[in-house]
Amino acid sequence: MKKILTVALLLTASVGSLFGEKEARILIITDKDTFTGWMMDANSSKFLWRETQQTLVKREQSLRTCTVYFLQAPEFTEALELYKSRNYKDAALKFAACAEEYGKLTEVKGNPSTMASFYEMECYRRLEDLEKLSELAGKFEPENLLYKFHKVQYEMYGVFWDAVRTKSWSRLDAICKDEKWRGRKLPGNLRGQIAYCHGLALEGAGQPIKALNAYNNAFVADFAASEEITRKSAINCLRIILDHEDVKTAMELYSTEDYSDDSNGAALIKEATALLKLWDKVLGSGEQVPAKYKVFLKYPPKNR
């Protein structure tokens, strides 16, 4: 019995070594049938596959006569779990390894290598490592991404995020105002990114109050979509408010008769206080807001 098991294991190992890189589990749909298999190699017109990982029988199938769906690779699943838990650094490394392991399949739509490379870029966008993002985006081919808005996200790397990377604030301001993007129907996470980038552009151009409005737009558009955009927008709002001259004046006058709850500085302090409360309830996810921003809590409205 032991000999039989040993032979079976050796046979399985030898079959794996014959084909080298990882094979992807696939679902193949034709006009006549639906079946599963393992894709071994592919180009833009056809692919090589086998029914099981144990068989040596290889089959060739035209991509024109069937539809192929990739079942999620275990390596991709592992990386995606890290991504969902916001461990973007480790997730990026896992996605990069997954992309390399399935590199022979990149010419088929929705293949695990292309999808892993996309999520690797998303990791660096969320980390705002824009140099690495630019490097990866320059080598990426988006044609075989599976979803429409993934392609739009890739487009935004080169339009919005590269302008942030190069600090091209006036150009970025113009792009954010362009009707091509303002009038485009986009999901909340993409709309939030545009508003956040616009806030960065306005701050960089020395227009902090307009930037405050842009960050608020990012906050509203992206509240449930991307936590990092929401949190960064909130922190940037707190920073702008703390640096505002009217706020500094209101703080100086708070203990005097000249203080007014109706002043612009007092209104901004109320806005900052509301953000702090929202941070504690929702945004912070257990993380403390930087201590310097808690100063707003010392200046509650006098006439409630």
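A few points on the structure. Everything numeric in this text was worked out from a predicted model, so none of it was measured.

### Quick word on the overall build of the protein chain
Line of reasoning, step 1. Counting secondary structure elements, the protein chain contains 13 helices and five strands.
Line of reasoning, step 2. Relative to the globule expectation of 19 Å for 304 residues, the C-alpha radius of gyration of the protein chain, 26 Å, shows a markedly less compact shape.
Line of reasoning, step 3. With respect to the three principal axes, the spread of C-alpha positions in the protein chain is 90 × 50 × 35 Å.
Line of reasoning, step 4. The long-range fraction of contacts in the protein chain, counting pairs at least 24 apart against all pairs at least 6 apart in sequence, stands at 58%.
Line of reasoning, step 5. Accessible surface, the protein chain: about 16700 Å² in total, of which carbon and sulfur atoms supply 53%.

### A look at unusual backbone geometry
Line of reasoning, step 1. Even without a glycine there, the phi angle at Arg86 is positive, about 70 degrees.
Line of reasoning, step 2. Inspection of the secondary structure puts Arg86 in the loop between helix 2 (74-84) and helix 3 (88-101).
Line of reasoning, step 3. With a relative accessible area of 39%, Arg86 lands in the partly exposed category.
Line of reasoning, step 4. The phi dihedral of Lys167 falls on the positive side, at around 55 degrees, and the residue is not glycine.
Line of reasoning, step 5. Along the chain, Lys167 turns up in the loop between helix 6 (148-165) and helix 7 (169-177).
Line of reasoning, step 6. According to the relative accessible area criterion, Lys167 is exposed, its value standing at 57%.

### Concerning the environment of Tyr254
Line of reasoning, step 1. The topology assignment puts Tyr254 in the loop between helix 12 (245-253) and helix 13 (264-283).
Line of reasoning, step 2. Measuring from C-alpha to C-alpha, the distance between Tyr254 and Asn43 comes to 71 Å, with 211 residues separating the pair along the chain.
Line of reasoning, step 3. Apart from the residues within four sequence positions on either side, Tyr254 is in contact with Tyr259, Lys298, Tyr299, Pro300 and Lys302.

### Points about the state of the cysteines
Line of reasoning, step 1. Going through the model one piece at a time under the given rule, you end up with zero disulfides.
Line of reasoning, step 2. There is no disulfide at Cys176, and the cysteine sulfur nearest it, in Cys197, is 6.3 Å away.
Line of reasoning, step 3. Residue Cys176 is classed as buried on the basis of its relative accessible area of 5%.

### A word on the packing of helix 6 against helix 9 (residues 188-204)
Line of reasoning, step 1. Where helix 6 contacts helix 9, the two axes come as close as 11 Å, and the packing angle between them is 5 degrees. It follows that helix 6 is roughly parallel to helix 9 by the angle criterion. In contact with Phe149, Val152, Gln153, Met156, Phe160, Trp161 and Val164 of helix 6, helix 9 contributes Asn189, Leu190, Gln193, Ile194, Tyr196, Cys197 and Leu200.
Line of reasoning, step 2. In terms of residue class, the contact of helix 6 with helix 9 is made up of eleven nonpolar, three polar and no charged.

### A closer look at the pattern of salt bridges
Line of reasoning, step 1. Summed over the entire model, instances satisfying the criterion amount to 22 salt bridges.
Line of reasoning, step 2. Asp162 serves as the salt-bridge partner of Arg165, at 2.7 Å between the closest nitrogen and oxygen. Of this pair, Arg165 and Asp162 are both found in helix 6, three residues apart, which corresponds to roughly one turn of the helix.
Line of reasoning, step 3. When its relative accessible area of 26% is taken as the criterion, Arg165 is described as partly exposed.
Line of reasoning, step 4. Of the charged contacts in the structure, one is a salt bridge between Asp173 and Lys177, with a shortest N-O distance of 3.3 Å.

Scoring rules and cut-offs
- Residues numbered from 1 in each chain as written.
- Predicted model: local features only at pLDDT ≥ 70, side-chain atom pairs only at ≥ 80, totals over all residues.
- Heavy atoms only, no water.
- Helix = DSSP H or I, 4+ residues; strand = E, 2+ residues; numbered from the N terminus.
- Rg over C-alpha atoms; globule rule 2.2 N^0.38 Å.
- Contact = heavy atoms within 4.5 Å.
- Areas by Shrake-Rupley, 256 points an atom, 1.4 Å probe, with all protein chains shown as cover.
- Buried < 20%, exposed > 50% of the residue type's maximum accessible area, 1.4 Å probe, protein only.
- Disulfide = S-S within 2.5 Å.
- Axes fitted to C-alpha atoms, helices over the stretch in contact; angles between N-to-C directions.
- Parallel < 35°, antiparallel > 145°, perpendicular 65-115°, else oblique.
- Nonpolar A, V, L, I, M, F, W, Y, C, P; charged D, E, K, R; others polar.
- Salt bridge = Lys/Arg side-chain N within 4 Å of Asp/Glu carboxyl O.

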